[in-house]
Amino acid sequence: MPHESVTKKFYSISATSTGGRDGHTKSADGTVDVKLGKPSTSNPVANPETLFAAGYAACYNGALAHVAQQDGVDVSGAETTADVTLGETATGVGLAVEIVTTIPGVDAETAQALADKAHEFCPYSKATRGNIDVTVVGKPA
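Residues numbered from 1 in each chain as written. Predicted model: local features only at pLDDT ≥ 70, side-chain atom pairs only at ≥ 80, totals over all residues. Heavy atoms only, no water.

A. Inspection of a nonpolar patch on the surface at higher detail. On the surface, F10, Y11 and I13 cluster together to form a nonpolar patch covering roughly 420 Å² of accessible area. Secondary-structure assignment places Y11 in the segment before β1 (15–18). (Patch = residues over 30% accessible without salt bridge, like charges linked within 9 Å, V, L, I, M, F, W, Y side chains within 5 Å. Areas by Shrake-Rupley, 256 points an atom, 1.4 Å probe, with all protein chains shown as cover. Salt bridge = Lys/Arg side-chain N within 4 Å of Asp/Glu carboxyl O. Helix = DSSP H or I, 4+ residues; strand = E, 2+ residues; numbered from the N terminus.)

See below:
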């Protein structure tokens, strides 16, 4: 996908972090105000990957609603999960994402087609395209 510049601003927000993975992050409007910690299965705590997964899942689900509406398909009961993996790469550390969206009332082919369209439209998908591995799975409920 070619570079895209923002030509009309819809929304802008900032967040400030101190202390890195063992610190604190707060959005300018105060809606996100979270203590962070290193990823751990024995002591779950919010971390950058948690925040990325939450944002990607929400953004993608909104993109799905948009593209489905254009196709005349009701996806109001759809559920999207973003599974974010942090791991070693050839050059250090990186991310991978699996997006799984479950859409009630459609067949498997339609679910995957809508999932693929949402992936083309979603701003998070555009931002990660060509940078990290992202797998998209659409399935019927």
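B. Fine view of the pattern of salt bridges. On inspection of all chains with the given rule, the structure shows five salt bridges. K126 is the partner of E4 in a salt bridge, and the nearest nitrogen-oxygen pair spans 3.3 Å. Separated by 122 residues along the polypeptide, E4 in the segment before β1 and K126 in helix α3 (residues 123–128) bring together distant segments of the chain. A residue is classified by how much of its surface remains accessible, and E4, at 48% relative accessible area, is partly exposed. In this structure, R21 and E49 form a salt bridge, with 2.6 Å as the shortest nitrogen-oxygen distance. With R21 in the loop between β1 and β2 (24–27) and E49 in helix α1 (residues 48–70), this pair connects stretches of sequence that are 28 residues apart. Residue E49 is classed as buried on the basis of its relative accessible area, which comes to 11%. (Buried < 20%, exposed > 50% of the residue type's maximum accessible area, 1.4 Å probe, protein only.)

Bear in mind that shape data such as this cannot, by itself, settle questions of function.
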